[in-house]
Every structure is written in structure tokens, then in C-alpha cells.
Amino acid sequence: MASLGQHQPTRRTFTWIREAALAAAVAATAVVGWTGGAPARAQSAGVNANKPAADAKPVTDGKASDGKPADAKMDAGPENYDPTHKRARITPAELGRLRMLEIQSGAFREAHKDPGSQQLVGPPLSDREKVMHVMNRLAFGPKQGDVEAVLLEGGMTDQWKGWVAKQLKPESIDDAAVDAEVAKKFPDLKKSTADLYKAYPYRQNGGKGEWREPGHILQDSVLTRAVHSNRQLQEVLAEFWRNHFCVDTGTQEQKTRSWAALAYEQEVIRPNVMGKFPNMVFASARHPAMLDYLDNQVSKVNNWNENYARELMELHTVGVDRGYTDFDVIELSKVLTGWQFERGTYAFKFNDTIHQPGAKKVMGVAMKPGYEGGEQAIMMLATHKYTANFIATKLCKYFVNDAPPAALVTKVENVFLQTKGDLPKVYEAIFYSPEFLERGNFRAKFKTPFEFVVSADRAVDADLAAARKSNQILAKMGQEVYNCPDPTGYFDRSEAWLDSGVLTSRWDYALSLARGGVDGVKPSEKVFAKHAGKKVDELYKDVVRELICDDIGDKTRQVLKEAADAGDVKRMYAVLIGCPSFQQQ
């Protein structure tokens, strides 16, 4: 039994919260029409984790895209969508039964709960729920037929384990089609930073120009792989680690990253997500994008810069204020003086002439002189017990829930220490743990904008022919790829993204996506055509089962029933993709 004073939210409680959020989103999106063409003018709102967007409120002039007065019914948002058939009604008895099923299904963990308190536990996840859970956490959501394929291929029970085993060895998964697509669309990915500098030179034209293009190439290639790749776990991990070792694509004052960040993804992040953690730390420490981003490029004898040393400790390895002092930050800054890159070639170099001489100690350990001292310090930090705890905690938050059990964190931490940061072993300790598949963790996390957009595209088997518009939408939602304003990276916790403006922009995207209104993104007509001729009840059950796994709130259920009565399959997909239930994973 939960301790006194410790509120344990039931599924019903969480459903009420979801419906309240949905109601706010519906009210905020009252300007979005469903006319089969362009929507009534609405401004997608998004928030940054650190400051609200300036365009956080939708605006409308009360007219449709053709300039004529908008139809009040057609332009009043999902809740007031008026189907051609009679509205479906839920009787009080049916509503009571649905509520009871929601209660019996289990409970969600509180985001800030005391790890020592107990949780209400519902029935074990069904085989289908397990596969859906795995594909929502270790992939960016399933594509059409993915869940059924895993269930059929995986034997009698725990079919998900075979899928995970393959994903942990991405080289064994055929991704030739995506590799060919990316190579054709983004040939500059193979260019060196020096060649990119020559191909896209900086010119004084208000900060707009060719030098910005490598950043767009990087953003678009990241989104393309996330949507289309069969190696989904690799893409999810790449998103985690590019956020952990955060750099951005540069400003007018610091242009180097516009060229260097393209190589950063290819040389630091992607090659190391299935490798050793220390190798990734070394790769980032020596890369021109990071050297420029955190100012180690300008750190020199008697004028050392503390930015990289501080973030190396605080954000990349041991964590904030754990086992080190400001003195250690200064000492580490001295150790890393002389770590630079060559102008022109962008190759790493150690410049002994600007290295701080003399004895140095970091966290009580004497450092070797010269370049070897930097290697020693990074290796010590990358394999430190505090680092093991910090990385274990962060990964458990990312894959399990926002407040992971202390026992699980300890187990993963020990694996990290025993294997010296062998990341696949660390991942396995999380994925195959009993906690990972607990009922309380099922759909207990809230999707970031990036996760939402990619999962929405995958849900309708979309062809992402061009990713520029989608990346512009992500920027409005507050999560532009490789452009986080802080070295912390974008926040993973629900609180960073639970905002009415965020839900408004997601509704807008869902409505536009289902009708093919997002430039460069084309949903597969086969997804909708396969439901042709189905009876209303069958249609309703199949679409919910496919996208949500049979657990939606009453408000969503009502709106979805109306769309089902009208036989409007695209509308049903839009309602489900935009609803709070789809935002959970």
C-alpha cells in the first residue's frame, strides 16, 4: 500500500488530466478547419524549454484560405467537427464501464515521486502492449504493420526480445534503401569540414547566405533518417547522444559550427552510439564543432577558458557538483589548454606553445604534462563512478520514466562500471530489466516535438520527400534540430513540453499531415484505403488499436466516434495523432 500522504494517480486520474489538456488544445485550435484544402489561417505555436515563443497564441481573421468567411462548423476544431451521419452517443452504463476499465488498467508513475514509495501496479502488459511499448521507446513509433510483424515472427511470448536483439546490432539490419536516399539527397554529408567551408563560404550579407546551408543539410538528413530508417534504435540513440553532447549549427558570430557540425554528427555521434562511452567523449573533445562551441579553441596559457572544462564535468561526465570543485574546473581548464583545431583544415592539433605548464591536479589526481594530461583527465572522468551514475540515471529517465527506480539505476550503473562504459551492455541492462515493461511505465512519458513529428509521419507511412518544412515546424514547436540555445540540450522531462501552445501546434500538424498538407510529407493512401468498407464499430476499433493500443480518453473517444460514423478515415487518423494519448509513449 502506498504511504500516507503519497498521492498515487490512477489511470482514471491521468485520463482526466489528458482530457483537460485535450479540451485546452481543442479550444486553442478552434481556428483550424477541415475543408479538404488549406486550413483557415492559424499560426503554429511552440515553446522553447527556456522561454516562450513569441507566437504562442493562434490568430485568425475569420476567413478561409480562399478569403471567404469560414464555415463555423467546419472551422471550429476537432471537438465540433460535424459529420454527415448521426452522432454516436455513449450511454451512462457504457461510460461507467469504460471508466472502470481505465481504472483496472493500472497506474502511471508520478513524474516527481519519491523513489522509495510504492506504485500501484496493474495487470502485466499484453503481448501487443509490450511490442507497442518497445516500439514507442526504442523506435520513433511503429510504421504500418510493424507491431503485427513482430508478434508473428517472435514466437509464443516475449516477441519483442527478438526485435530488440536485432536493433542492438544495427549492422545486421538492411538499411541500404535509406542509405541510398540520404546519399542522393545529401551528397555533402561525405565532404570534409574544410571542403564544406570552400563550398559554402561566408559572405557579409546580413547573416543569410550559403554558409547557412550545411546546417540545413544536417537538420534535414537527421529527420530523414529518423523517419525512414529500419535501424530505429540507432536513430533513437543518436537523438539521445546528440542532445547529451550538444552543439549547435552556429551564429553569425561563431560560424565555424555551420560547417563543422555536419561532420560532428558523422564523426562523433553516429559511429559511437553502439561503442564505448569514453570513445564518444574523446571524439567530442577533439572535434572542431565542440572546440569552437565551448571555447576551448581560444583557451591558452595564463588565459584559460573554463567553459569546456566546466561542461565536460557538469554535462558530459560526472554531473553537476559531484566530486569536484571550482578549483578542479580551473585545473582541468589548464590541462586542456592547447587542444585546438587547425584553421583551414579543421583537423585536431595539440598546440604545445599555448599549453599551460606546471603541475596540475583534477579531483585529487595529479595530471601528466602536455597532451597526455588531457587524455588522462578525460579518461578518468569518462570512467568515473559519478559518471556511471549520471549516465545510468539519464538513460533510465529517457527509456523508463522521468523518475526511474533507484534499484534499476544502481544496476545499470554497475554494468557501466564493470564494462568501462560499453554502451550496448548498458542499454541491455535497461531494456531487459523487469522495470522497463512495468504497467506503470506504459505510455508514461510525453513525446518531445521531434519524437512527435517523426512518430506521426511513421504512423501514416509518410514519404518524407523533403524535410525542410518539417524542420521549420520543429523550430516553431521549440525543438529545432542542432539548434538548442543551451549546452544542456533539450529537456526530456514532460514539464518542458506540456503547454497548451505545444498541443495546439501538434493538432495543427496532425490535421495537416492527414490531408497531405505538410510540404514534402506525403502520407500513404494505402494506410487509409485498407479501411474502406469496414463497419463503424470495426473501423473504430481497428484504427484505435493500430495507433494507440485501445486506451484513449472519453473526449477523444467521442470525437473519434463521430468521425467513424461519417466514415472519415483521414479525420480519424488526424484526431488520434493529435490527441493526448498519441503524445504519450
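Note that the structure is predicted; figures quoted are calculated from it, not measured.

Scoring rules and cut-offs
Residues numbered from 1 in each chain as written. Predicted model: local features only at pLDDT ≥ 70, side-chain atom pairs only at ≥ 80, totals over all residues. Heavy atoms only, no water. Helix = DSSP H or I, 4+ residues; strand = E, 2+ residues; numbered from the N terminus. Buried < 20%, exposed > 50% of the residue type's maximum accessible area, 1.4 Å probe, protein only. Contact = heavy atoms within 4.5 Å. Areas by Shrake-Rupley, 256 points an atom, 1.4 Å probe, with all protein chains shown as cover. 1 Å grid on protein atoms, 1.4 Å probe; cavity = no way out; pocket = protein on both sides within 12 Å on 5 of 7 lines; lining within 4 Å. Points joined across faces, edges and corners; volume = space filled by probe spheres on them. Nonpolar A, V, L, I, M, F, W, Y, C, P; charged D, E, K, R; others polar. Expected span 1.5 Å × (residues − 1). Phe/Tyr/Trp six-rings, centres within 6.5 Å; stacked < 30°, edge-to-face > 60°. Lys NZ or Arg CZ within 6 Å of the ring centre and 35° of its normal. pLDDT = per-residue confidence, 0-100. Salt bridge = Lys/Arg side-chain N within 4 Å of Asp/Glu carboxyl O.

1. A short note on the overall build of the protein chain
Thinking step 1. On a plain count of helices and strands, the protein chain comes out with 26 helices and six strands.
Thinking step 2. Relative to its 585 residues, the protein chain shows a buried fraction of 56%.
Thinking step 3. Put simply, of all contacts in the protein chain between residues at least 6 apart along the chain, 75% involve residues at least 24 apart.
Thinking step 4. With the model as given, the accessible surface of the protein chain reaches about 24300 Å², and the carbon-plus-sulfur share is 54%.

2. Quick notes on empty space enclosed by the protein
Thinking step 1. What the rule picks out here adds up to five cavities of 30 Å³ or more.
Thinking step 2. What the largest cavity holds in volume is close to 120 Å³.
Thinking step 3. Taken together, 13 residues form the lining of the largest cavity, with R242, N243, V481, Y482 and Y490 sitting closest to its centre.
Thinking step 4. Counted by class, the lining of the largest cavity contains seven nonpolar, three polar and three charged residues.
Thinking step 5. Put simply, the second largest cavity is a space of about 80 Å³.
Thinking step 6. For the second largest cavity, the full set of lining residues is N136, R137, A139, F140, G141, V236, Y398, K447, E451, S455 and Q585.
Thinking step 7. For the lining of the second largest cavity, the elements supplying multiple residues, two or more each, are α3 (127-137) and α19 (449-459).

3. A word on helix α17 (residues 406-419)
Thinking step 1. In this model, α17 (14 residues) spans 20 Å end to end at C-alpha, consistent with the 20 Å of a helix rising 1.5 Å per residue.
Thinking step 2. In the core, the buried residues of α17 are packed alongside α11 (277-285), α15 (370-382), α16 (385-399) and α18 (423-431).
Thinking step 3. Within two residues after α17, K420 carries a phi angle of roughly 55°, on the positive side.

4. Describing the packing of aromatic side chains
Thinking step 1. Inspection of the entire model under this criterion finds 24 aromatic pairs.
Thinking step 2. Among the aromatic residues, ring-to-ring pairing joins F240, W241, F245, F277, Y398, F399, F416, Y427, F431 and F436 into one connected group.
Thinking step 3. For K447, the ring lying beneath its charged end belongs to F582, and the centroid distance is 3.7 Å.
Thinking step 4. Above the face of the Y540 ring, K561 is positioned so that its terminal group lies 4.1 Å from the ring centre.

5. What about the layout of surface pockets?
Thinking step 1. Of the volumes computed, that of the second largest pocket is approximately 530 Å³.
Thinking step 2. Along the wall of the second largest pocket there are 23 residues; nearest its centre are K394, T488, Y490, F491 and D492.
Thinking step 3. For the lining of the second largest pocket, the secondary-structure elements that each account for two or more residues are α9 (232-244), α13 (307-316) and α16.
Thinking step 4. When the residues that make up the lining of the second largest pocket are grouped by side-chain class, the tally is eight nonpolar, seven polar and eight charged.

6. Some remarks on the confidence of the model for the protein chain
Thinking step 1. When pLDDT is averaged along the protein chain, the result is 82, and 78% of the positions lie at 70 or above.
Thinking step 2. Note that residues 1-92 has pLDDT below 50 and, in this model, 186 contacts with residues that lie over four places away or in other chains.
Thinking step 3. When the criterion is pLDDT under 50, residues 94-120 qualifies, and its contacts beyond four places in sequence or with other chains add up to 74 contacts.

7. Some details on the pattern of salt bridges
Pairing between side chains of opposite charge can happen when the charged atoms of each approach one another.
Thinking step 1. What the rule picks out here adds up to 26 salt bridges.
Thinking step 2. A salt bridge links R458 to D146; its shortest N-O distance comes to 3.7 Å. Here R458, found in helix α19, pairs with D146, found in helix α4 (residues 146-153); they are 312 residues apart in sequence, far enough to count as distant.
Thinking step 3. Note on D146: relative accessible area 23%, which makes it partly exposed.
Thinking step 4. R557 is the salt-bridge partner of D554, the closest N and O atoms lying 2.4 Å from each other. Remark: R557 and D554 occur in helix α24 (residues 554-565); sequence separation between them is three residues, near one turn of the helix.
Thinking step 5. Salt bridges here are not isolated pairs; linked through shared partners, they connect E235, E239, R242, E265 and R270.

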